[in-house]
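# Report on the structure
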Amino acid sequence: MCAQEQIRNEKFVKPRWSAVEWIIEKVLFACALSSILIVLFIVIFIFQEGFPALLLGTRFFFGMTWWPSHDLFGIVPTVVSTFIVGIGALGIAALIGIPTAIYLAEFAPEWMRNIIKPSVEMLVGIPSIVLGFFGLMVLVVAIRDNLGGYGECILAGWLILAVMTLPHVISISEDSIRAVPRTYKEASLGLGATQLQTIRKVILPHAKSGILASLVLGMGNAIGETMAVLMVIGNPNIPGIPTSVLDSVRVLTSTIVIEHAYVDWGSMHQHALFALGAVLFVIVAILNLLTCAVIRKGMRKTT
């Protein structure tokens, strides 16, 4: 009787749970699909609004002057300045971040690592507007008083963006170094290599893909940053290609934020700002694709 009752109960319970699981599965699928659709609609809207400016062709993509009041929408100085600010900040972050990651992974005692790494990762939680305000009140003044110029310049942008990029570089690089099998290190030390030789010849080559991925990801974050950069780089009315680290510049993100406040909706100026957003999206998307490619290449080598 007990076996018959159990079979009878399973006949009634199983269909009910199967229906619940089916509903949960469809809800999760809808949530995943909605995120894709939201991104797709945003991209379509940006390119649709920026399409008239993109049709300007060489006047837009290779123009040297951005002067909306004279219907000049050349993006070369802005794009060049964007890469100068992003690459410089990434270079500073790499010079500080990669040695820090090596120290945390190979030299630091566990108690010190448990202090330093969370402290570094807390930088991500600081709002960019706060870092930008600090840069405006402290870095800009220090640069103006000690190096000359107006203070709002490329160097200030480098320093602020380097601080914002450091958590990504340190955290991902340190995880990549610690992911290298310890047997590689033990074999190298067993053959008579020093710890520094082991790090340089064995550990870093095997962690190279993760370190490169952290740098590419940091580059994408640096190029896409808005508020902190906006407050410290000067933003001249007519941007030009800089010749010194003390020059004021304008990047893609700051141009969109500054000029969106007074643009006439439906004008070519408005379409040009959306086109800048489309160019920025393509740049960041390419960097993210490079990051994924580097990570996959590294995973294939380890397997």
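Residues numbered from 1 in each chain as written. Predicted model: local features only at pLDDT ≥ 70, side-chain atom pairs only at ≥ 80, totals over all residues. Heavy atoms only, no water.

### Concerning the nonpolar core
Worth spelling out the cut-off: Only buried residues count toward a nonpolar core, which is a set of Ala, Val, Leu, Ile, Met, Phe, Trp, Tyr and Cys residues joined through side-chain atoms within 4.5 Å. Partly exposed residues are those whose accessible area sits between 20% and 50% of the maximum for their type, while under 20% is buried and over 50% is exposed, using a 1.4 Å probe and protein chains only. Runs of H or I in DSSP of at least four residues are treated as helices and runs of E of at least two as strands, each being numbered from the N terminus. Contacts are residue-level and defined by heavy atoms, with any inter-residue pair within 4.5 Å sufficient.
By size, the foremost hydrophobic cluster in this structure holds 41 residues, and its most contacted members are Phe60, Trp66, Ile75, Ile98, Ile177, Leu252 and Leu276. Residue assignment for this core shows that the elements contributing at least two residues are helix H1 (2-54), helix H3 (76-107), helix H6 (154-179), helix H8 (195-206), helix H9 (208-224) and helix H12 (268-302). The element best represented in this core is H3, accounting for nine residues. What isoleucine 98 contacts, discounting residues up to four positions off in sequence, is Ala93, Val169, Ile211 and Leu215. Counting 22 residues, the second largest nonpolar core, distinct from the first, contains Leu131, Val140, Met231 and Ile233.

### Points about the confidence of the model for the chain
Rules: In predicted models, pLDDT denotes the confidence assigned by the predictor to each residue on a 0 to 100 scale.
Per-residue pLDDT for the chain averages 86, and the proportion of residues at 70 or more is 92%. H3 holds the highest mean pLDDT among the elements of the chain, 92, whereas H1 holds the lowest, 78.

### Digging into the environment of isoleucine 211
With respect to the secondary-structure elements, isoleucine 211 resides in helix H9. Measuring from C-alpha to C-alpha, the distance between isoleucine 211 and alanine 94 comes to 9.4 Å, with 117 residues separating the pair along the chain. Sequence-distant contacts of isoleucine 211, that is, excluding residues within four places in its chain, are made with Ile98, Ser173, Ser176 and Leu204.

### A short note on the packing of H3 against H8
Formally: Between the N-to-C directions of two axes lies an angle of 0 to 180 degrees, each axis being a line fitted to C-alpha atoms and, for a helix, fitted only over the stretch in contact. Convention used here: angles under 35 degrees read as roughly parallel, angles over 145 as roughly antiparallel, angles from 65 to 115 as roughly perpendicular, and any remaining angle as oblique. What makes a crossing left-handed is the near helix being turned counterclockwise from the far one by less than a right angle; a clockwise turn instead makes it right-handed.
At a closest axis distance of 12 Å, the pairing of H3 and H8 adopts a crossing angle of 110°. Judged by the angle between their axes, H3 and H8 are roughly perpendicular. Crossing handedness for the pair H3 and H8: right-handed. Residue-level contacts link Ile102, Glu106 and Phe107 of H3 to Gln195, Leu196, Ile199, Ile203 and Leu204 of H8.

### Some words on H9
Owing to its 3.6 residues per turn, the α-helix aligns residues three or four sequence positions apart on the same side. The test is simple: Expected span of a helix: the number of residues minus one, times 1.5 Å.
Look at H9: 24 Å from first C-alpha to last across 17 residues, which is about the 24 Å you get at 1.5 Å a residue. Of all 17 residues making up H9, 12 are buried, and the element is well covered by its neighbours. Within H9 the residues assigned to the buried category are Ser209, Gly210, Ile211, Ala213, Ser214, Leu215, Val216, Gly218, Met219, Gly220, Ala222 and Ile223.

### Quick look at the packing of H3 against H9
Think of two packed helices as two axes; the pair is described by the angle between the axes and how far apart they sit. Going by this rule: Under this grouping Gly is polar, as are all residues other than the nonpolar Ala, Val, Leu, Ile, Met, Phe, Trp, Tyr, Cys and Pro and the charged Asp, Glu, Lys and Arg.
Where H3 meets H9, the axes come as close as 9 Å, and the angle between the chain directions of the two elements is 140°. Classified by the angle their axes make, H3 and H9 are oblique. Considering the relative orientation of H3 and H9, their crossing is right-handed. Contacts from Thr82, Phe83, Gly86, Ile87, Leu90, Ala94 and Ile98 of H3 reach H9 at Ile211, Leu215, Gly218, Met219, Ala222 and Ile223. Broken down by class, the residue content of the contact of H3 with H9 amounts to 10 nonpolar, three polar and no charged.

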